[in-house]
Amino acid sequence: MRLSHYLLPTLKENPAEAQIASHRLMLRAGLIRQEAAGIYAWLPLGLRVLRNIERIVREAMDRAGAVELLMPTLQLAELWRESGRYDVYGPEMLRIRDRHERELLYGPTNEEMVTEIFRACVHSWRNLPLTLYQVQWKFRDEQRPRFGVMRGREFLMKDAYSFDLDEAAARRSYQRMFVAYLRMFARMGLRAIPMRAETGPIGGDLSHEFIVLAQTGESAVYCDQALLQLPVPGEDVDYAGDLSPLIAQWTGPYAATEDVHDAARFEHEVPETRRVLARGIEVGQIFYYGTKYALPMKAHVTGPDGAERPVHGGCYGVGVSRLLGAIIEAGHDGQGIVWPEAVAPYRVGLVNLKIGDARTDAACAMLQERLAQAGTEVLYDDTDERPGAKFARMDLIGLPWQLIVGPRGLEAGTVELKHRASGERRELTAEAALQTLA
Ligand SMILES: Nc1ncnc2c1ncn2[C@@H]1O[C@H](COS(=O)(=O)NC(=O)[C@@H](N)CS)[C@@H](O)[C@H]1O
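Residues numbered from 1 in each chain as written. Predicted model: local features only at pLDDT ≥ 70, side-chain atom pairs only at ≥ 80, totals over all residues. Heavy atoms only, no water.

A.B. asks: Even after reading the chapter, I still don't get the pattern of salt bridges, so can you show me in this structure?
C.D. replies: Pairing is possible between side chains that carry opposite charge, provided their charged atoms lie close to one another. Evaluation of the coordinates by the stated rule reveals 36 salt bridges. A salt bridge links arginine 97 to glutamate 103, with the shortest nitrogen-to-oxygen separation between them at 3.7 Å. Across the pair lysine 418 and aspartate 395 runs a salt bridge whose closest N-O atoms are separated by 3.0 Å. A residue pair is termed long-range when its members are at least 10 positions apart, and lysine 418 in strand β22 (residues 415–419) and aspartate 395 in helix α10 (residues 387–397) qualify at 23 residues. (Salt bridge = Lys/Arg side-chain N within 4 Å of Asp/Glu carboxyl O. Helix = DSSP H or I, 4+ residues; strand = E, 2+ residues; numbered from the N terminus.)

And the structure:
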């Protein structure tokens, strides 16, 4: 991709309204643009990261056996009257009337709608367990949208919903999602800690939040240091097996958000040297809520004994757009963003220090060709700005690698390869650089 024909409106100054690093950097690096309070346009570079995060989320859901569908953002109010949540959901719900004066709402979440789809399509226990998921925009009319995409009003969520014959089976679905979440966040370069949490308007009696520790996190969290060192389940985890030992390993040590924190237990259970009090960003939350929606909405299946019964459910959310903020909070320095390779918008920033010079242009063309053949995504800075400005922009947007081509280097038969995260720079031949990037 050539920067001279791209849309990358970087900003030199820190925008006054941005109070935390990720908000400042997302605006300065030209990833998003605020269109209204809590409502953002996703500019090309930010959209590529969002899509990479979605890909990792989808791969984790598919691997855990969930099935993707896509539900509309607009929902009928009567659906929420069936569950009894329409009147209790509160001012966060954006209520809309269409031209026929029909009452609609912009979905803040989709338990009712997915239950309606389930009850219309599934009638036998033989179809269970079934976990459906989507990646869809949500709207919550937050009183105080802030911190950029961290607490937006329109935001992208992966929401999954499990359906099972009984509580025991539903808890197994919950465990599969729990493990999938541990793996998913680790693949994004995050250490997300599962913490017992309140269930709030979604309901149920079992919930865990997945928290990324960060100074600017909105939640205060208390946990046992031991949790921060646990190895994340590997690629070979057997989702069909008994996951209880794994869950016990991750839920044994003390971990709680402030709204469920038990100070006495914390002091009693956790040796002082291992007590962690930190702030965290909630990047996901999972709930078991039994028949809370199936009962009022009559989502039944015929059991093995031939009897009709309401299904047991759970829901599993991930803040896909919030994750850009969380990843930047966890990975940035004084020069800008430091993207983990797995989510970076491009892997290599190719910088031509003298656009128009036959040798540097030819070298850059060759490098782009070879990197494209190797499947490496490249953002080519073919602008004629000063080198200093080009380096600063590359550091700001935080691509994992910078490949710098200048006339002096070519004279000596070398190009420069810089690793953004470590700051390490090396002068080496183009071939050696391509080998390093392979
Ligand atoms: N205002 C918001 N802006 C950005 N992300 C948000 C916002 N509200 C929630 N999220 C993200 O969305 C995730 C899921 O939201 S939730 O309310 O906990 N859960 C649900 O809505 C369930 N229906 C999940 S299926 C949260 O963990 C958080 O990461």
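This is not the end of the story, as more comes after the structure.
A.B. asks: Help me understand the layout of surface pockets in this model?
C.D. replies: If a probe as big as a water molecule is rolled over the atoms, it shows which places are left empty. Estimated volume of the largest pocket: approximately 990 Å³. In terms of lining, the largest pocket is formed by 42 residues, of which the most central are Arg140, Arg151, Glu282, Gln285 and Arg322. If you list the elements that add at least two residues to the lining of the largest pocket, you get β8 (154–164), β13 (275–290), β16 (312–319) and α8 (320–330). The leading source of residues in the lining of the largest pocket is β13, at seven residues. Considered class by class, the residues forming the lining of the largest pocket number 15 nonpolar, 13 polar and 14 charged. (1 Å grid on protein atoms, 1.4 Å probe; cavity = no way out; pocket = protein on both sides within 12 Å on 5 of 7 lines; lining within 4 Å. Points joined across faces, edges and corners; volume = space filled by probe spheres on them. Nonpolar A, V, L, I, M, F, W, Y, C, P; charged D, E, K, R; others polar.)

A.B. asks: Teacher, can you tell me more about the site of the ligand here?
C.D. replies: Close to the ligand lie 24 residues, the nearest being Thr109, Glu111, Arg140, Gly152 and Glu282. In this structure, glutamate 111 approaches the ligand through a side-chain N or O atom, which is 2.8 Å from a nitrogen atom. The contact in question runs from an oxygen atom of the ligand to an N or O atom on the side chain of glutamate 282, over 2.3 Å. For the ligand, the accessible surface in isolation is 600 Å², of which the surrounding protein chains cover 96%. One can see that the ligand is located within the largest pocket. (Near = heavy atom within 4 Å. Polar contact = N/O pair within 3.5 Å; in protein donor to acceptor, adjacent residues only side chain to side chain. Areas by Shrake-Rupley, 256 points an atom, 1.4 Å probe, with all protein chains shown as cover. Sits in = over half its atoms within 2 Å of the grid points.)

A.B. asks: Hey, could you run me through the sheet that holds strand β4 (residues 74–76) in this one?
C.D. replies: What holds strands together in a sheet is hydrogen bonding between their backbones, with the strands either parallel or antiparallel. Taken together, the three strands give an open sheet; going across it, the order is β4-β6-β5, and neighbouring strands pair in antiparallel fashion. The open sheet has two free edges, formed respectively by β4 and β5 (94–97), since each of these has just one partner strand. The sheet shows a mean angle of 40° between the axes of neighbouring strands, taken without regard to direction. (Pairing = 2+ DSSP bridges. Axes fitted to C-alpha atoms, helices over the stretch in contact; angles between N-to-C directions.)

A.B. asks: Would you mind showing me how to read unusual backbone geometry here?
C.D. replies: Residues apart from glycine generally show negative phi values, whereas peptide bonds are mostly found in trans. Residue proline 129 follows leucine 128 across a cis peptide bond; omega there is 0°. Summarising the element assignment, proline 129 is placed in the loop between α4 (111–121) and β7 (130–139). In the Ramachandran plot, lysine 298 falls in the positive-phi region, its phi being about 55° despite a non-glycine side chain. With respect to the element layout, lysine 298 can be found in the loop between β13 and β14 (300–302). Since its relative accessible area comes to 59%, lysine 298 is described here as exposed. (Buried < 20%, exposed > 50% of the residue type's maximum accessible area, 1.4 Å probe, protein only.)

A.B. asks: Any chance you could explain the nonpolar core here in plain terms?
C.D. replies: Ranked by internal contacts, the top residues of the largest apolar core, which has 88 residues, are Ile53, Met61, Met184, Phe185, Met188 and Trp339. The leading source of residues in this core is helix α5 (residues 167–187), at 10 residues. For isoleucine 53, the residues in contact, after removing those within four places along its chain, are Met188, Val320, Leu323, Leu324, Ile327 and Val343. The next biggest cluster of nonpolar side chains, apart from the first, holds 28 residues, and it includes Phe118, Val122, Leu165 and Tyr293. (Core = buried A, V, L, I, M, F, W, Y, C linked by side-chain atoms within 4.5 Å. Contact = heavy atoms within 4.5 Å.)

A.B. asks: Just checking my understanding: could you explain the environment of alanine 197 for this structure?
C.D. replies: For alanine 197, the position within the fold is in the loop between β9 (192–196) and β10 (206–213). Each C-alpha atom, one on alanine 197 and one on phenylalanine 287, is 9.2 Å from the other, the two residues being 90 residues apart in sequence. In this structure alanine 197 touches Ser207, His208, Glu209, Thr257, Val260 and Gln285, once residues within four positions along its chain are discounted.

A.B. asks: Would you mind going over the sheet that holds strand β23 (residues 425–428) with me for this structure?
C.D. replies: Spatial ordering of the open sheet is given by β20-β19-β21-β22-β23, a layout of five strands whose pairing is mixed. Either end of the sheet is taken by a strand with one partner, and the two such strands are β20 (378–381) and β23. Neighbour-to-neighbour, the strand axes of the sheet open up by a mean angle of 20°, direction not taken into account. The sheet contact formed by strand β19 (residues 348–352) and β20 spans four bridges and is parallel.

A.B. asks: Please explain the pairing of strand β21 (residues 401–405) as it appears in this structure.
C.D. replies: Here is the key point about a regular strand: its side chains alternate between the two faces of the sheet. Of all five residues in β21, five are buried, a share of seventy percent or more. Burial of the side chains of β21 extends over both faces: Trp401, Leu403 and Val405 are buried on one face and Gln402 and Ile404 on the other. In terms of strand pairing, β19 meets β21 through five bridges, oriented parallel. Bridge pairing in β21 places valine 351 opposite isoleucine 404. Pairing between β21 and β22: four bridges, direction antiparallel. Looking at the pairing, tryptophan 401 lines up with histidine 419 of β22.

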